[in-house]
Amino acid sequence: MFAVNTLREAGLARPRAGEALVLLASSTDFAGDFDQARMALDDAEHSRAGRFRFARDADTYILAHALWRSALCLVLGMQRPPLVFTEAGQPVLPGTGMATSLSHTGRFIAIALTQADTVGVDIERDPPRMQLHALAPSICTPREHAVVMALPADAREGALLALWTRKEALLKAYGTGLRLDPATIDADVEMDLARASHATLRIHALDTGPGLKGALAAPVQVDTVTTLPLARVLAMSITPDGLSRSYVQPIAPGSSHA
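Let me sum up the structure you'll find in this document.

About the thresholds
- Residues numbered from 1 in each chain as written.
- Predicted model: local features only at pLDDT ≥ 70, side-chain atom pairs only at ≥ 80, totals over all residues.
- Heavy atoms only, no water.
- Pairing = 2+ DSSP bridges.
- Helix = DSSP H or I, 4+ residues; strand = E, 2+ residues; numbered from the N terminus.
- Axes fitted to C-alpha atoms, helices over the stretch in contact; angles between N-to-C directions.
- Contact = heavy atoms within 4.5 Å.
- 1 Å grid on protein atoms, 1.4 Å probe; cavity = no way out; pocket = protein on both sides within 12 Å on 5 of 7 lines; lining within 4 Å.
- Points joined across faces, edges and corners; volume = space filled by probe spheres on them.
- Nonpolar A, V, L, I, M, F, W, Y, C, P; charged D, E, K, R; others polar.
- Salt bridge = Lys/Arg side-chain N within 4 Å of Asp/Glu carboxyl O.
- Buried < 20%, exposed > 50% of the residue type's maximum accessible area, 1.4 Å probe, protein only.
- Phe/Tyr/Trp six-rings, centres within 6.5 Å; stacked < 30°, edge-to-face > 60°.
- Lys NZ or Arg CZ within 6 Å of the ring centre and 35° of its normal.

With that out of the way, let us pick up the sheet that holds strand E6 (residues 120–125). Strand pairing in a sheet is mediated by backbone hydrogen bonds. Such pairs are either parallel or antiparallel. The sheet built from four strands is open, its strands ordered E6-E9-E8-E7 with antiparallel pairing. Two strands close off the open sheet at either side, each with one partner strand: E6 and strand E7 (192–195). Each adjacent strand pair in this sheet contributes to an overall mean axis angle of 20°, direction not counted. Two strands pair when backbone bridges link them, and E7 and strand E8 (residues 198–205) are joined in this way by three bridges, in the antiparallel orientation. Across the sheet, Arg 195 pairs through a bridge with His 198, a residue of E8. Relative to the sheet, helix H7 (residues 153–174) contacts E6, E7, E8 and strand E9 (212–219), its axis offset from that of E6 by approximately 150°.

What follows is the structure, encoded as structure tokens:
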């Protein structure tokens, strides 16, 4: 199993009731195990990896998905976790009582696991390669846009990036992707967010360390978020590399999804 010793040494275990576990990793730490990682993927994942424009993005995709599958095997105690995807691309684990989500940006990877019906995680490089100011009307509700524009000019980009991570995490947890316009939903931290036909969710900011921003959305009964960094993920220097590749299609031009 790919990276199984690393995961065991990090203390990866099934999250407790009410807890979401977020595994943070860097694909750089697993570059020597690339061939083993490729063997862990299914045909659909191999096909998706082959469609990336840049080899570095394909490599991170492969390593992220292999690590994801290994983490699920350990947490669920299964050789083949029942990981399937909805039409909108949301990962589900039928019959396990668990929910999971994946995000990666540049070489960094985040995997969320919790005992709940749904979960969404997103990480982004900070600062991103592109300016988000022009995208604000596509990201923000009118109220959110007013709040951001009231900030000092040098604080707006960081606020928009943090808001985007919250929107991505929320859309993943809703399982809608951009079929739900992000500019129509509020994404406040630590507030109960109710929506018809969906569980009431709460968004948590992630402690990702310098150079990254992250957020997790989960049902309100999930009140504890534990971050589990692998190896040197929080100690590496960071070069901006755009927005994350995740199963919700980003609105940023040129981005791709996992």
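This part is about the layout of surface pockets. To find leftover empty space, one rolls a probe the size of a water molecule over the atoms. Each pocket or cavity is described by its volume, and for the largest pocket that value is around 360 Å³. Lining the largest pocket are 14 residues, with Met 39, Ala 40, Arg 69, Cys 73 and Gln 79 positioned closest to its centre. Secondary structure elements with two or more residues in the lining of the largest pocket: helix H2 (34–40) and helix H4 (55–76). Take the lining of the largest pocket: its biggest share by element is four residues, from H4. Tallied by class, residues from the lining of the largest pocket come to eight nonpolar, three polar and three charged.

Taken as a whole and assessed by the stated rule, the structure comprises nine salt bridges. Between Asp 126 and Lys 213 there is a salt bridge; the shortest N-O distance is 2.6 Å. Remark: Lys 213 occurs in strand E9 and Asp 126 occurs in the loop between E6 and helix H5 (136–139); sequence separation between them is 87 residues. A relative accessible area of 22% places Lys 213 in the partly exposed class. A single salt-bridge network, built from bridges that share partners, covers Asp 42, Glu 45 and Arg 69.

Below, the discussion takes up the packing of aromatic side chains. According to the stated counting rule, one finds three aromatic pairs in the structure shown. Between the aromatic rings of Trp 68 and Phe 85, the centroid separation amounts to 6.1 Å while the plane-to-plane angle is 70°, which identifies the pairing as edge-to-face. Here Phe 85 lies in strand E2 (residues 84–85) and Trp 68 lies in helix H4, a separation of 17 residues in the sequence. Judged by relative accessible area, Trp 68 falls into the buried class, the value being 2%. According to the relative accessible area criterion, Phe 85 is partly exposed, its value standing at 40%. Positioned above the aromatic ring of Phe 54, the side-chain terminus of Arg 56 is 4.7 Å from the ring centre.

Limitation: the analysis is restricted to geometry and does not speak to function.
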